[in-house]
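Listed here are the chains, written in short residue letters.
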Amino acid sequence: QVGAFDRRIKAVVSQSPGVNGWEMVRAMNRADQFHDLLEMLTQERIRRYKEGTVKYVKIVAPEGEPSLTQDAESRAFFAHIAETCPTWRNEMALHSLEKALEYNPGANIHLISPTPLLMIVPTHDNIGQTDLALGAYQRALEPKALLLIKGGHFAVHADPGFSQAAEAAAGWFRRHLAG
C-alpha cells in the first residue's frame, strides 16, 4: 500500500499478500461465522462510540467461540506461535479488525510502478487467496517479478518456504537498493 503512494520507497516485496482484507477475512470463516463477525463489529462500533473503550477478540479460538478466524491452518500456526513466543497475545482489537476489512492494497497495485515489485505468493493460500494475489500481480505494472512458494498462507514462515522467500527478498533488495 505504501509503495503505491510514497515515491521514497525504492523496492517492494509482498509476501503471502493479503490483497483484499474483506475477502481475506471472509475466506477464513464460514458464511455464518463471517456474518456473525460483521454483526459483532457493528455492535462494537456503537458500543465504542458510546463508551470510548476498546474491546478485543481472539485471533483463533475453538469452534463456536468468537474469533478472527476458524480455519485449521491458522489454528495450527498460532498454536506454534503461542508455544515459541511466550509474550504473544491471542487477541486483536475489534477496531483493528474493522480497519483490516477496509484494507485493499490490490486496488492500487498498478500505482506501485515504477517502483520494482516482487510478489512471493503461496500456491495454496486459502487465507490470502492465491487467485486474488495472482490477479493483483497481473494488474501490477513493470518492473515486477513473481515467486511461487509451495504451500499455504504460512508456508513462508518455515522451511523450505522461508529460505526460498528470504533469499528472493534479500536478492531483490540487493538488486534494487544497491548504490
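Look above for the structure.
Rules of the game
- Residues numbered from 1 in each chain as written.
- Predicted model: local features only at pLDDT ≥ 70, side-chain atom pairs only at ≥ 80, totals over all residues.
- Heavy atoms only, no water.
- Helix = DSSP H or I, 4+ residues; strand = E, 2+ residues; numbered from the N terminus.
- Expected span 1.5 Å × (residues − 1).
- Buried < 20%, exposed > 50% of the residue type's maximum accessible area, 1.4 Å probe, protein only.
- Arc of directions from axis to C-beta.
- Pairing = 2+ DSSP bridges.
- Salt bridge = Lys/Arg side-chain N within 4 Å of Asp/Glu carboxyl O.

(A) Structural detail: helix H7 (residues 161–177). Taking 1.5 Å of rise per residue, 17 residues should cover 24 Å, and H7 covers 24 Å from first to last C-alpha, within 8% of that figure. Those residues of H7 lying buried are Gly161, Ala165, Ala169 and Trp172. Within H7, the buried residues cover an arc of 60° as seen down the axis, which keeps them to one side. Pointing more than 90 degrees away from the buried face of H7 are the exposed residues Glu167, Arg174 and Arg175.

(B) Spotlight on the pairing of strand E2 (residues 56–60). In the sheet, E2 pairs with strand E4 (residues 92–93) via two bridges, with the strands oriented antiparallel. Bridge pairing in E4 places tyrosine 56 opposite alanine 93. The pairing of E2 with strand E3 (residues 67–69) spans two bridges and is classified as parallel. Bridging from a neighbouring strand, valine 60 pairs with threonine 69 of E3.

(C) The pattern of salt bridges, seen in detail. Counting across every chain of the model gives twelve salt bridges. Linking glutamate 44 and arginine 47 is a salt bridge whose minimum nitrogen-to-oxygen distance equals 2.8 Å. Here the residue glutamate 44 and the residue arginine 47 both occupy positions in helix H3 (residues 31–51), the gap between them amounting to three residues, near one helical turn. Each member of the pair, glutamate 44 as well as arginine 47, is classed as buried. Glutamate 63 serves as the salt-bridge partner of arginine 75, at 3.9 Å between the closest nitrogen and oxygen. With a gap of twelve residues between them, arginine 75 in helix H4 (residues 72–84) and glutamate 63 in the loop between E2 and E3 connect regions that are remote in the sequence. When its relative accessible area of 27% is taken as the criterion, arginine 75 is described as partly exposed. Three or more residues joined by partner-sharing salt bridges are found here, namely Arg30, Asp32, Glu63 and Arg75.

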